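Summary of structural features
Residue-level listing of the chains:
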Amino acid sequence: MAVFTPLSETQVIDFLSRFDIGTLAHLEGVASGTENTTYFVTTDQRDCVLTLFEQGDHDELPFFVDLLDYLADHRLPVPGPVHDRQGIALQSLADRPALLFPRLPGTSPSAPDLSQCRALGHTLGRMHCVSRYFDGHRPNPRDLHWLVAMHHRVLVYLSPDDQALMADEVDAYQSYFGDAPELPQGAIHGDLFRDNTLFEGDRLGGIIDFYNGCTGDLLFDLAIVINDWASDEAGHLDKARHDAILEAYIAERPLTDAERNAWPMMLRMTALRYWLSRLLVIYVDPPAHDLTPHDPQRFRTILKTRLNEGSLPLPQRSPA
Ligand SMILES: Nc1ncnc2c1ncn2[C@@H]1O[C@H](COP(=O)(O)OP(=O)(O)O)[C@@H](O)[C@H]1O
Ligand SMILES: N[C@@H](CCOP(=O)(O)O)C(=O)O
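Computed from a prediction, not measured in an experiment: that's the story for all the values here.

We now examine a nonpolar patch on the surface. Judged by side-chain polarity, Val156, Tyr157, Val281, Ile282, Tyr283 and Val284 come together as a nonpolar surface patch covering roughly 500 Å² of accessible area. Locating tyrosine 157 in the fold gives a position in the loop between α5 (152–155) and α6 (160–179). Note on tyrosine 157: relative accessible area 40%, which makes it partly exposed.

Okay, structure coming up:
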C-alpha cells in the first residue's frame, strides 16, 4: 500500500478548486510506491496523479519542481507539475506538502525488449544534453562522500569477507575518483530503474519518481541504468541490452575520454551504492511501514560480477 494519508473526496474536490483542471470524476489510491501517498485523480478534463510527501526534506521540494518544469519545458517525457491559478505548483494538503502531476501513459517493463532499451538510452541521452544547463543545485545525496561516511554503519552486519569487499571497494573509489579528472556534470534522475519508467509498447511515455534527482556526474545516472536494465539474474551484463541502451545514449551525448576511463569504476560504485542503501534500510534505518524491503544481495551480486568480469566495451559514436 502507498496511501499513508487517506484523503476524502471532499478534501480532493476542495484541493482541485485551486487549479483550472476541471471537477473530480474519480479518485483512487495507488497501491505501488514506498515513500509517499499517491492517488490517481481523474477530472472531467484530465488524468492526474496527486502526491503527498510523507518523508524527506521538504525544503528540497522546490528543486524537484524546478527540475521537472525545466525538463518538461524541454519536451522530455516527465510529469511537469500542474501549477494553480496563481502559477504555484507546491501546495499543502492534509498538513503535508502536495503536488499534482499529469498522469503519464504506460506500464513499467520488468523485462525490457531492445526497442525499449533504445528508447530509454535515447531519452536519457537527450535529458543529459539539456540537464547540463539546468541552473538548480542539489548535491548528489548518494555520491562517494555518502558511501565513505555510511558504509561503516553496516559493516558489523556483514560477514568478514563482505566487510573486506565493501571497505576495499570504497578505498578503490576514493583512490580512483580522488585523482581522476572531473566528469561532465548536470542534473540527473539518480534512481532510473525500470520501475520508474512507463512504456506504451516501444514508446517511452514517462520517467517518474525524481525524488533522488540531484546535480552531479551524468555518468552516475548512466551506470545506475546499465546495472538495473542490463544485468541478468546472475548479475552478468546482457550484451544486447547493454549495447542497445549505450548506442542510443551515445548517439545523443558522446562520452568524454574521462567518462570512458571511469566507466568500469562507476559501474562498481553505483552497484555498491544500492547494496549499501538497501542494507541501511534493513539494519540501520527501517521505515515505519511494513512493505518488503528491496534485496541488498542483488546489488552485491552485481558488484561481484563487475569486479570479476569487468565491463563490456563501450560502443563508439557512430559516424554521422
Ligand atoms: N506521473 C505519473 N503518471 C503515471 N503514474 C504515476 C505517476 N506518478 C506516479 N505514478 C504511479 O504511482 C506509483 C507510485 O509513485 P512513486 O512516485 O514511485 O511513489 P513513491 O515515491 O512512494 O515510491 C508509481 O509506481 C506509478 O505506478
Ligand atoms: N530504487 C531504490 C530505492 C531508492 O534508493 P534510496 O537510496 O533513496 O533508498 C532501490 O531499488 O533500492
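Now that the structure has been shown, we can carry on.
So, on to the packing of helix α7 (residues 218–229) against helix α8 (residues 239–252). Orientation of α7 relative to α8, taken along the N-to-C sense of each, is 155°, at an axis distance of 9 Å. Taken as axis vectors, α7 and α8 run roughly antiparallel relative to one another. Crossing of α7 against α8: the hand is right-handed. Only Arg241, His242, Ile245, Leu246 and Tyr249 of α8 make contact with α7, whose side of the interface consists of Leu218, Leu222, Val225, Ile226 and Trp229. Taken together, the residues of the contact of α7 with α8 break down into eight nonpolar, one polar and one charged.

All right, on to the domain arrangement of the protein chain then. Domain boundaries assigned for the protein chain yield domain 1 (9–102) and domain 2 (114–309). In this structure, domain 1 and domain 2 have C-alpha centres spaced 27 Å apart. Between domain 1 and domain 2, the residue contacts involve 20 residues of the former and 24 residues of the latter. Contact between domain 1 and domain 2 buries roughly 1800 Å² in total, counting both sides, with carbon and sulfur atoms accounting for 73%. Considering only the side of domain 1, the residues that lose the most area to domain 2 are Phe63, Tyr70 and Pro77, jointly responsible for 32% of the buried surface there. One can count one salt bridge joining domain 1 with domain 2. One salt bridge in this structure joins arginine 138 and glutamate 60, with 2.8 Å as the shortest N-O distance. Taken together, the connections running from domain 1 to domain 2 amount to four residue pairs in polar contact (both at pLDDT 80 or more). Examining the composition of the side of domain 1 that touches domain 2, we find that seven residues originate from one element, helix α2 (residues 61–73), more than from any other. Here the side of domain 1 that touches domain 2 is composed, by residue class, of 12 nonpolar, five polar and three charged.

Attention now goes to helix α1 (residues 9–16). Listing the buried residues of α1 in full gives Val12, Phe15 and Leu16. Viewed end-on, α1 has its buried residues packed into an arc of 95°, placing them on one side of the element. Along its buried surface, α1 packs onto β1 (24–29), β2 (37–43), β3 (47–52), β4 (91–93) and β5 (96–102).

What follows concerns α7. The end-to-end C-alpha separation of α7 is 17 Å, in line with the 16 Å expected for 12 residues at 1.5 Å each. With 12 of its 12 residues buried, α7 lies for the most part within the structure. Here α7 has its buried residues at Leu218, Leu219, Phe220, Asp221, Leu222, Ala223, Ile224, Val225, Ile226, Asn227, Asp228 and Trp229.

Scoring rules and cut-offs
- Residues numbered from 1 in each chain as written.
- Chains lettered and ligands numbered in written order.
- Predicted model: local features only at pLDDT ≥ 70, side-chain atom pairs only at ≥ 80, totals over all residues.
- Heavy atoms only, no water.
- Patch = residues over 30% accessible without salt bridge, like charges linked within 9 Å, V, L, I, M, F, W, Y side chains within 5 Å.
- Areas by Shrake-Rupley, 256 points an atom, 1.4 Å probe, with all protein chains shown as cover.
- Salt bridge = Lys/Arg side-chain N within 4 Å of Asp/Glu carboxyl O.
- Helix = DSSP H or I, 4+ residues; strand = E, 2+ residues; numbered from the N terminus.
- Buried < 20%, exposed > 50% of the residue type's maximum accessible area, 1.4 Å probe, protein only.
- Axes fitted to C-alpha atoms, helices over the stretch in contact; angles between N-to-C directions.
- Parallel < 35°, antiparallel > 145°, perpendicular 65-115°, else oblique.
- Left-handed = near helix turned anticlockwise from the far one by under 90°.
- Contact = heavy atoms within 4.5 Å.
- Nonpolar A, V, L, I, M, F, W, Y, C, P; charged D, E, K, R; others polar.
- Domains from an automatic or database assignment.
- Buried area = accessible area lost by both parts, 1.4 Å probe.
- Polar contact = N/O pair within 3.5 Å; in protein donor to acceptor, adjacent residues only side chain to side chain.
- Arc of directions from axis to C-beta.
- Expected span 1.5 Å × (residues − 1).

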